[in-house]
Amino acid sequence: MKSNTTMSRKSVSLVGLVILCCHASLTEQRLQGIFKDPKEPIDERVKDLLGKMNLEEKVGQMTQIERKNASAEVLKSYFIGSVLSGGGSTPKVNATVKEWVDMVNGMQQASLSTRLGIPMIYGIDAVHGHNNVMNATIFPHNVGLGVTRDPQLLKEIGAATALEVRATGIPYAFTPCIAVCRDPRWGRCYESYSEDHRIVQQLTEIIDGLQGEAKTDMKGMPYVNGKTKVAGSSKHYVGDGGTVKGINENNTIVDDSALYGMHMAAYVNSVAKGIATIMASYSSINGVKMHAHKQLLTDYLKGKLGFKGFIISDWEGIDRITSPAHSNYSYSIQASINAGIDMVMVPYNYTEFYDGLIDLVKKNAIPMSRIDDAVSRILRVKFAMGLFENPLGDYSLINEVGSQKHRELARQAVRKSLVLLKNGKPGNPPILPLPKNAGKIVVAGSHANNLGYQCGGWTIEWQGVSGNNWTAGTTILDGIKATVDKRTKVVYKKKPSDTYSSKGKMDYGIVVVGEVPYAETNGDSQNLTIPAPGPAVIENVCKETKCVVIIVSGRPVVIEPYVDKIDALVAAWLPGSEGQGVADVLFGDYGFTGKLARTWFKRVDQLPMNYGDPKYDPLFPFGFGLETKPIPPTKKPEL
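Residues numbered from 1 in each chain as written. Predicted model: local features only at pLDDT ≥ 70, side-chain atom pairs only at ≥ 80, totals over all residues. Heavy atoms only, no water.

**A look at the nonpolar core**
Leu-49, Val-83, Tyr-122, Tyr-237, Leu-296, Ile-333 and Leu-357 are the most contacted members of the largest nonpolar core, which has 119 residues in total. Discounting chain neighbours no more than four positions away, the residues touching Leu-357 are Val-59, Met-62, Ile-333, Ile-337, Ile-366 and Ile-371. Grouped together as the second largest cluster of nonpolar side chains are 63 residues, Val-414, Val-419, Ala-571 and Leu-586 included. (Core = buried A, V, L, I, M, F, W, Y, C linked by side-chain atoms within 4.5 Å. Buried < 20%, exposed > 50% of the residue type's maximum accessible area, 1.4 Å probe, protein only. Contact = heavy atoms within 4.5 Å.)

So, in structure tokens, the structure goes:
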């Protein structure tokens, strides 16, 4: 017979087990809660989940790290809220679309295995198509798209970009750039649609393509409609296009009229459209760094405009609050978070940021209310985009990357973005469109047969690339060869000698020259000249034959010395992967329709010079662009 003591112990053990089971069940119910239910209102889900989070989990949500650091262990240990690919950061060289999805999904599985299972949000720069990814469709850069003044086209480009980004398992794109570039010396001017804020405002229609079209004013609430759309990021808030002398990350000296009437205008449109995130600028407004500008980040953007998505820093943006950068990181964390930055693109020193922010909260240097506001905004975006319900990439979308439909759209965008600046010398008839049945056409210049050059910066690599072997597309030379009559001889000379044109008869010369790729500060230029041997190629080809000069550039450049020597002049900007679009218009399948969205200056000593300035004396004014009519197709004789 068992003793009473033994029976008592067993009874206690059973009671303890029941209590533990009940506690585990209650804990599970508590963790499930309202936030797991997609039928509940978003803000109720946010409130419920926020109430379940500890400080470490909250700070983790505010941390965005580079994919090179994003091991499963790091994602789980630090509760990381977001991962990004910096410019050119890929799973491996020439990674396939499936390899992108595999990478993102692997990281997401780690995030979902944390205590609360909050999905991370993967972000990438997709500034003219899905530009980091091999064989993606590369659209013209914004400087060309501004020429089109076509909001519907921008909406379609946004939708195509979103689909290609989603096809790689990525739900968040750092686009659109809605800077109003007021000085072409700025190395990011090609990321701006226009010097005129009204064109920039018009073209925020791209947000409807990226995120889906909200039927009403979203009143600041983030809006992302389903698994084929992405969360966007209007950038760079605010005034980045107005810095002194166009120097990147410099100071913008501006009065309230220009700040709110010009540089801020497109942000008002963005918020109304439900933009999910807004990225802060490296630059300053009247001496105050935007990453530490509480008046504009919190009081105006979140307060007056009612923006309810999250504000993200730029790459190491908070580090640059101090000079030299990162010299007082604790201060940078405190200043930026208290000013209103919600998520910090660290991207490498995540332990320093994570530990530093926790420490500042514990010291009451950053109030808990500010942390809760930041995390609420991040969760609001994640709920709004359905990330909790559909956290993993969809392999069924893989074939959308670089699809023929998207390439045709990009080709259309190229056609509409070309600006015809000159067509025939004085007293002579126009030479464009060119006849397809010419006897011999010489195509010359460094940019005629270089896919990397015609795509520019932010393509495969951060600073862009050179050559034709790194992605799919059509060069301008390829387009010309595919368009002319089979009997027309097309000869390519990258760098013809000064006696070349006299050696053999040619009917026409087509010279394609311009800037080599660059991004951000590397593109800042105080002279804006066409690099050698471009000017010599123009001289050598154009001196003895009728010639068309095509400028491939991210902005207006110095061309006044050459204009009289050439017969026709075309601004092609940075047309992207579909060079066939240039040939479509050159040979009259379509007409030239583009109008300058930027003033084309005569000399750099005139800069900055914009439409409406008192001393406005351009080479080609804002809004200028000659037009041609398409040549009707020749009817084939009936048999």
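**Re the state of the cysteines**
Taken as a whole, this structure holds two disulfides when the rule is applied. Through a disulfide, Cys-542 is tied to Cys-547; the S-S separation comes to 2.1 Å. The sign of the S-S torsion, about 110 degrees, decides the handedness of the disulfide formed by Cys-542 and Cys-547: right-handed. Take Cys-542 and Cys-547: they sit in the same class, and that class is buried. Sequential numbering of the bridged cysteines in the chain gives the disulfide pattern 1-2, 3-4. Just so you know, Cys-455 is unpaired, no disulfide at all, and the nearest cysteine sulfur is the one on Cys-177, 18 Å from it. (Disulfide = S-S within 2.5 Å.)

**A short note on the packing of helix α13 (residues 329-339) against helix α14 (residues 350-362)**
Two numbers describe how α13 lies on α14: the axes approach to 10 Å, and their chain directions differ by 65 degrees. By the criterion of interaxial angle, the relationship of α13 to α14 is roughly perpendicular. Handedness of the crossing formed by α13 with α14: right-handed. On α14, the residues that touch Tyr-329, Ser-330, Ile-333, Gln-334 and Ile-337 of α13 are Glu-352, Phe-353, Gly-356, Leu-357 and Leu-360. Class assignment of the residues belonging to the contact of α13 with α14 gives a composition of six nonpolar, three polar and one charged. (Axes fitted to C-alpha atoms, helices over the stretch in contact; angles between N-to-C directions. Helix = DSSP H or I, 4+ residues; strand = E, 2+ residues; numbered from the N terminus. Parallel < 35°, antiparallel > 145°, perpendicular 65-115°, else oblique. Left-handed = near helix turned anticlockwise from the far one by under 90°. Nonpolar A, V, L, I, M, F, W, Y, C, P; charged D, E, K, R; others polar.)

**Brief notes about the sheet that holds strand β1 (residues 63-66)**
Hydrogen bonds between backbone groups are what pair the strands of a sheet, and the pairing can be parallel or antiparallel. With parallel pairing, the five strands of this open sheet are ordered in space as β4-β3-β2-β1-β11. The open sheet has two edge strands, β4 (172-173) and β11 (344-345), and neither has a second partner. Relative to β11, β1 runs parallel, the two sharing two bridges. By the bridge assignment, Thr-63 is partnered in β11 with Val-344. (Pairing = 2+ DSSP bridges.)

**Looking at the pattern of salt bridges**
A full pass over the atoms with the stated rule returns 36 salt bridges. The salt bridge partner of Arg-407 is Glu-578, with a shortest N-O separation of 2.7 Å. Separated by 171 residues along the polypeptide, Arg-407 in helix α16 (residues 404-417) and Glu-578 in the loop between β17 (568-571) and α22 (580-586) bring together distant segments of the chain. We classify Arg-407 as buried; its relative accessible area is 11%. Judged by its relative accessible area of 8%, Glu-578 falls in the buried class. Put simply, Lys-302, Asp-342, Arg-370, Asp-373 and Arg-377 are held in one network by salt bridges that share partners. (Salt bridge = Lys/Arg side-chain N within 4 Å of Asp/Glu carboxyl O.)

**As for the side chain of Thr-322**
Topologically, Thr-322 is positioned in the loop between β10 (310-312) and α13. When its relative accessible area of 13% is taken as the criterion, Thr-322 is described as buried. Side chain to side chain, Thr-322 and Ser-327 meet in a polar contact 3.2 Å long. Setting aside anything within four residues of it in sequence, one finds Thr-322 in contact with Ser-327, Asn-328, Tyr-331 and Ser-332. (Polar contact = N/O pair within 3.5 Å; in protein donor to acceptor, adjacent residues only side chain to side chain.)

**Examining the UniProt feature "domain: Glycoside hydrolase family 3 N-terminal" (unreviewed entry) in the chain**
Here the UniProt-annotated "domain: Glycoside hydrolase family 3 N-terminal" (unreviewed entry) positions come out as residues 55-381. In this annotation, residues 55-381 is assigned 40% helix and 10% strand; the end-to-end C-alpha distance for the span is 20 Å. (UniProt positions renumbered as here; feature names shortened; annotations may be inferred.)

**Quick look at the sheet that holds strand β6 (residues 251-252)**
Reading across from one edge, β6-β8-β9 is the order of the three strands in this open sheet, with mixed pairing throughout. Lying at the two open borders of the sheet, with one neighbouring strand each, are β6 and β9 (288-289).

**A look at unusual backbone geometry**
Geometrically, the link from Val-346 to Pro-347 is a cis peptide bond, its omega value of -20 degrees lying close to zero. Mapped onto the elements of the fold, Pro-347 is located in the loop between β11 and α14. In this chain, Leu-432 is followed by Pro-433 through a cis amide linkage whose omega measures 0 degrees. Counting through the fold element by element, Pro-433 comes out in the loop between β12 (419-423) and β13 (440-444). Positioned with a positive phi, Asn-94 is a non-glycine residue whose angle comes to about 55 degrees. You can see Asn-94 is positioned in the loop between β2 (82-85) and α5 (97-112). Under the relative-accessibility criterion, Asn-94 is labelled partly exposed at 48%. The phi dihedral of Glu-316 falls on the positive side, at around 50 degrees, and the residue is not glycine. With a relative accessible area of 25%, Glu-316 lands in the partly exposed category.

**Thoughts on the packing of aromatic side chains**
Under the defined criterion, the tally for this structure stands at 14 aromatic pairs. Taking 5.7 Å as the distance between ring centres and 45 degrees as the angle between the ring planes, the aromatic pair formed by Trp-573 and Trp-600 counts as tilted. One end of the pair, Trp-573, is in the loop between β17 and α22; the other, Trp-600, is in the segment after α22, and 27 residues separate them in sequence. One exposure class covers both Trp-573 and Trp-600, and it is buried. (Phe/Tyr/Trp six-rings, centres within 6.5 Å; stacked < 30°, edge-to-face > 60°.)

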